[in-house]
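Listed below are the residues making up each chain.
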Amino acid sequence: FKPIPPSRSFGRAGASSDPREPDDGTEFLQALLAPAETLQFGFSDRSLFSLVSIDLAEYSTLFQQPLTVQFIGYYADGSTVTTSLTTDGIIDGPGGAPDFQTFDFPHKEWSGLTRVEIPTSGWSLDNLVISVPEPGTAMLAMCGAAVFGLVRWRSRK
């Protein structure tokens, strides 16, 4: 995770009894970013990944209203995919209704990403689920064919 430009407007929060903050019993990432700031995440080696799901809530009871959070996914070729997710605007703290809502990303559109940016402020984020592609079936078949060919070649000798 990296703020663009660098700032200290986000941090780890949660697992507290502060009734002003959303609560899901674990620590989570909170961002009260200035409007010109963006939070970016991805692998430092630019490995590809898929964004599967995320839990979102409002920043605190100070911003207890529905919040629309924009996500921008970047593909290796520079093209993008975007979506906006809107929270319910309810924070009732520990013991009440769940403050965080789970949002799923369509697999087809949100696969093969190099990074994701969130250019929105005033959110709390938890349980970010990504997937990393496994070796392709074609690659496994090629390896099997190579081994089969090597065994056959050695048996002819």
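The rules behind each value
- Residues numbered from 1 in each chain as written.
- Predicted model: local features only at pLDDT ≥ 70, side-chain atom pairs only at ≥ 80, totals over all residues.
- Heavy atoms only, no water.
- 1 Å grid on protein atoms, 1.4 Å probe; cavity = no way out; pocket = protein on both sides within 12 Å on 5 of 7 lines; lining within 4 Å.
- Points joined across faces, edges and corners; volume = space filled by probe spheres on them.
- Nonpolar A, V, L, I, M, F, W, Y, C, P; charged D, E, K, R; others polar.
- pLDDT = per-residue confidence, 0-100.
- Helix = DSSP H or I, 4+ residues; strand = E, 2+ residues; numbered from the N terminus.
- Core = buried A, V, L, I, M, F, W, Y, C linked by side-chain atoms within 4.5 Å.
- Buried < 20%, exposed > 50% of the residue type's maximum accessible area, 1.4 Å probe, protein only.
- Contact = heavy atoms within 4.5 Å.
- Pairing = 2+ DSSP bridges.

Enquirer: Account for the layout of surface pockets, naming residues and giving values.
Expert: Leftover empty space is mapped by rolling, across the atoms, a probe with the size of a water molecule. Of the volumes computed, that of the largest pocket is approximately 160 Å³. Lining the largest pocket are F1, K2, Q40, F41, G42, F43, S44, R46, T114 and R115. In terms of residue class, the lining of the largest pocket is made up of three nonpolar, four polar and three charged.

Enquirer: Go over the confidence of the model for the chain with me, naming the residues and quoting the values.
Expert: On average, the chain scores 80 in pLDDT, and the residues at 70 or more come to 74%. Summarising per-element confidence for the chain, the mean pLDDT is lowest in helix α1 (residues 137–156) (64) and highest in strand β7 (residues 80–86) (96).

Enquirer: Describe in detail the nonpolar core, supporting the description with residues and values.
Expert: Counting 22 residues, the largest nonpolar core has I54, L56, F71, L113 and W123 as the members making the most contacts within it. Elements represented by at least two residues in this core include exactly β3 (27–31), β4 (38–41), β5 (50–58), β6 (68–75), β7, β9 (113–118) and β10 (123–131). Once residues within four sequence positions are removed from consideration, I54 is found in contact with F71, L85, Q101, T102, F103, F105, L125, D126, N127 and L128.

Enquirer: Help me get a handle on the pairing of β3, residues and values and all.
Expert: Where burial is concerned, most of β3 is hidden: four out of the five residues are buried. Inspection of the sheet shows β3 paired to β10 by three bridges, in the antiparallel sense. Its bridge partner being in β10, L29 is matched across the sheet by L125.

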